[in-house]
Amino acid sequence: QVQLVESGGGLVQAGGSLRLSCVASGSTFSISDMGWYRQAPGKRRELVALITAGGSTSYTDSVKGRCTISRDNAKNTVSLQMNSLKPEDTAVYYCAVRKGIFITTWGQGTQVTVSS
C-alpha cells in the first residue's frame, strides 16, 4: 500500500516562500497522478495543484503564477514551490494520489501558516 509523507511546512511572513515535499513509498509512483490539496480552518479541502503521470500540471486560480508543482520519479517525490505567500494560503497541505477523480491515498498533512 502506498504511503505518503509530507514535509516543508512552517511559519512564514507574507511575501515569503516555502517548498513542500511529499515522498511516496511503493513502485507505482511514476504512473500515478499526484495532487496537493489544502484545508483551512472551517473550510472544505480544495485542490491546489495537480501533476499527471505524464507531467502535465494544473492549478487552482488563487495560486496560479505563485506556485509550481513538480515531480521527481527517480526519488518518488512530488514538490510544491510556493512563492509570494499570502495569509489566505494558511492551511494544512496534503499530498494525495489520484486515480481519475478519486483520491486513493492521503498524506498526513503539513501545516503552512502565513503571517501578515
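All values reported here derive from a predicted model rather than from experimental measurement.

### Digging into unusual backbone geometry
For Asn-76, which is not a glycine, the phi torsion comes out positive at approximately 50°. Its place among the elements puts Asn-76 in the loop between β7 (67-72) and β8 (77-82). Despite not being glycine, Ser-84 has its phi angle at roughly 50°, a positive value. By the secondary structure assignment, Ser-84 is in the loop between β8 and β9 (91-99).

### Observations regarding the state of the cysteines
One pass over the full model with this rule turns up one disulfide. Between the sulfur atoms of Cys-22 and its disulfide partner Cys-95 the distance amounts to 2.2 Å. Disulfide Cys-22-Cys-95: torsion about the S-S bond near -80°, hence left-handed. Taken together, the positions of Cys-22 in strand β3 (residues 18-24) and Cys-95 in strand β9 put the pair 73 residues apart, joining distant regions of the chain. With no disulfide of its own, Cys-67 lies closest to Cys-95 among cysteine sulfurs, the gap being 15 Å.

### Points about the side chain of Arg-66
Within the secondary structure, Arg-66 sits in the loop between β6 (57-59) and β7. For Arg-66, a relative accessible area of 11% translates into the label buried. A polar contact of 2.9 Å, which involves the side chain of Arg-66, links it to the backbone oxygen of Ser-62. Once you skip the residues sitting within four places of it in the chain, Arg-66 turns out to touch Gln-81, Met-82, Asn-83, Ser-84, Leu-85, Lys-86 and Asp-89.

Each value, and the rule that gives it
- Residues numbered from 1 in each chain as written.
- Predicted model: local features only at pLDDT ≥ 70, side-chain atom pairs only at ≥ 80, totals over all residues.
- Heavy atoms only, no water.
- Helix = DSSP H or I, 4+ residues; strand = E, 2+ residues; numbered from the N terminus.
- Disulfide = S-S within 2.5 Å.
- Buried < 20%, exposed > 50% of the residue type's maximum accessible area, 1.4 Å probe, protein only.
- Polar contact = N/O pair within 3.5 Å; in protein donor to acceptor, adjacent residues only side chain to side chain.
- Contact = heavy atoms within 4.5 Å.

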